[in-house]
Amino acid sequence: MRRVIGIGETVLDIIFKDDQPISAVPGGSTFNCLVSLGRCGVKASFISETGNDRIGHRIIDFIGKNGIDASGVNVYPDSKSPLSLAFLNDNSDAEYIFYKDHPKDRLDFNYPDVHEDDIVVFGSYYAVNPVIRPQVHGFLEYARSHGAILYYDVNFRASHKDEVVKLTPNILENLELSDIVRGSTEDFAVMFRKTDPDVIYRSQIAFYTKKFICTCGSSPVELRADGGFKKQYPILQSSHIVSTIGAGDNFNAGFVYGMIKYGITREMVQRGLTESQWDSIIDCALQFSTNACQSIDNYVDEAFGERMRLDK
């Protein structure tokens, strides 16, 4: 089976409702994506970092229990694991405060084996952080040279808005390396002060990659692709939305799952997917995202994962 390699941060998400903590779960954008894929029987490896404390030990244990290879997670012996405080509003959307104590980030890892048509998932501040940029960029180039599909989830938080100018060269490098780019209108409002998908695609994305997915909360997903192809996909309706914290991360998981399920290769991506292929993959993405929003956790539930397993 093809493998998914994720590179990104780990955190402990402490979730608040009405200013009271209601849950504490391992998290991180790429982390959430891989946990959901692991629950669906997808072979996955994770490159990351954590502290040598109870939280870090819990996170690594959680990774293993969900079938993910954690050998690429770097444990800093003298650091505390990062925390994220997520405050849910009446619409179950979150505002975040981040706490991180890695004063000497250095990201030391051995490259995992990458084969043709494996899928690399990356994004968030981790993918543009200047301190670890040489290691991240080196791995992305290595994966691309070995024939992997690179999926970039921009996921640029407002907490980093003052760093946009400094980080723009890294963002553009990521776009250039990527086969498929997904971002939310919130991301692009922070990065480019633009929210219209057509304007974002034409002015910021299309020069680097022709495959672009733009999400906007409960509004339809916008797809832009080769040859001027464009399409909207309505969000699946659910009467039981608990938390949208993992919505985007699980959209990514479902998209990657769909590429594997339907045999989408890098050559096919580069040639241009058909409308029916896009429809099938994005349907998976929406199913994963909808399921994840129905619990306080950041991932699809285990029953959903069992139904969707690819390794049966």
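About the criteria used
- Residues numbered from 1 in each chain as written.
- Predicted model: local features only at pLDDT ≥ 70, side-chain atom pairs only at ≥ 80, totals over all residues.
- Heavy atoms only, no water.
- Phe/Tyr/Trp six-rings, centres within 6.5 Å; stacked < 30°, edge-to-face > 60°.
- Helix = DSSP H or I, 4+ residues; strand = E, 2+ residues; numbered from the N terminus.
- Buried < 20%, exposed > 50% of the residue type's maximum accessible area, 1.4 Å probe, protein only.
- Pairing = 2+ DSSP bridges.
- Core = buried A, V, L, I, M, F, W, Y, C linked by side-chain atoms within 4.5 Å.
- Contact = heavy atoms within 4.5 Å.
- Axes fitted to C-alpha atoms, helices over the stretch in contact; angles between N-to-C directions.
- Salt bridge = Lys/Arg side-chain N within 4 Å of Asp/Glu carboxyl O.

A. Representation of the packing of aromatic side chains within the structure. Taken as a whole and assessed by the stated rule, the structure comprises 17 aromatic pairs. Judged by centre distance (5.7 Å) and plane angle (10°), the rings of Tyr96 and Phe98 are stacked. Between Phe122 and Tyr152, the ring centres sit 4.8 Å apart and the planes meet at 10°, which makes this aromatic pair stacked. Here the residue Phe122 occupies a position in strand E8 (residues 119-123), and Tyr152 occupies one in strand E9 (residues 149-153), the gap between them amounting to 30 residues. Judged on exposure class, the residue Phe122 and its partner Tyr152 are both buried. Among the aromatic residues, ring-to-ring pairing joins Phe31, Phe46, Phe62 and Tyr299 into one connected group.

B. A look at the pairing of strand E11 (residues 212-216). Burial analysis of E11 places four of its five residues in the buried class, which makes it a mostly covered element. By the bridge criterion, four bridges tie strand E10 (residues 180-184) to E11 in an arrangement that is parallel. When the sheet's bridge partners are listed, Gly183 is paired in E11 with Cys214. As paired strands, E11 and strand E12 (residues 219-225) are joined by four bridges and run antiparallel to one another. Bridge pairing in E12 links Cys216 to Ser219. The antiparallel hairpin formed by E11 and E12 contains two residues in its connecting segment, where Gly217 sits at a positive phi of about 55°.

C. Layout of the nonpolar core. If you look at the biggest cluster of nonpolar residues, it comprises 52 residues, and the most contacted ones within it are Val4, Leu37, Phe251, Phe255 and Met259. Those residues in contact with Met259 that lie beyond four places of it in its chain are Arg2, Ile119, Ile149, Ile180, Ile264 and Ile281. Grouped together as the second largest cluster of nonpolar side chains are 36 residues, Val114, Ile132, Ile200 and Tyr201 included.

D. Spatial organisation of the sheet that holds E8. What the nine strands build is an open sheet, ordered E5-E4-E1-E8-E9-E10-E11-E12-E13; its pairing is mixed. Sheet topology places strand E5 (68-76) and strand E13 (229-233) at the edges, where each strand pairs with a single neighbour. On average, adjacent strands in this sheet sit at an angle of 15° to one another, irrespective of strand direction. Sheet contacts for helix H7 (residues 247-261): strand E1 (3-7), E8, E9, E10, E11 and E12; angle to E9, the most-contacted strand, approximately 165°.

E. Fine view of the environment of Ile171. Checked against the element boundaries, Ile171 lands in helix H4 (residues 164-177). What makes Ile171 buried here is its relative accessible area of 3%. Between the C-alpha atoms of Ile171 and Met191, which are 20 residues apart in sequence, the distance is 9.4 Å. With residues up to four places along the chain from it excluded, the contact list for Ile171 reads Val128, Tyr152, Phe156 and Met191.

F. Looking closely at the pattern of salt bridges. Counted under the stated rule, the structure contains 13 salt bridges. Salt-bridge contacts for Arg39 lead to Glu302; the nearest nitrogen and oxygen are separated by 3.9 Å. Of this pair, Arg39 sits in helix H1 (residues 29-39) while Glu302 sits in helix H10 (residues 302-308), and the two are 263 residues apart along the sequence. Classification of Arg39 as buried rests on a relative accessible area of 12%. Classification of Glu302 as exposed rests on a relative accessible area of 56%. With its nearest N and O atoms 3.6 Å apart, the salt bridge here joins Arg144 to Asp179. A residue pair is termed long-range when its members are at least 10 positions apart, and Arg144 in helix H3 (residues 133-145) and Asp179 in the loop between H4 and E10 qualify at 35 residues. Given a relative accessible area of 26%, Arg144 falls into the partly exposed group. Connected through salt bridges with shared partners, the residues Asp198, Glu222, Arg224 and Lys230 form a single ionic network.

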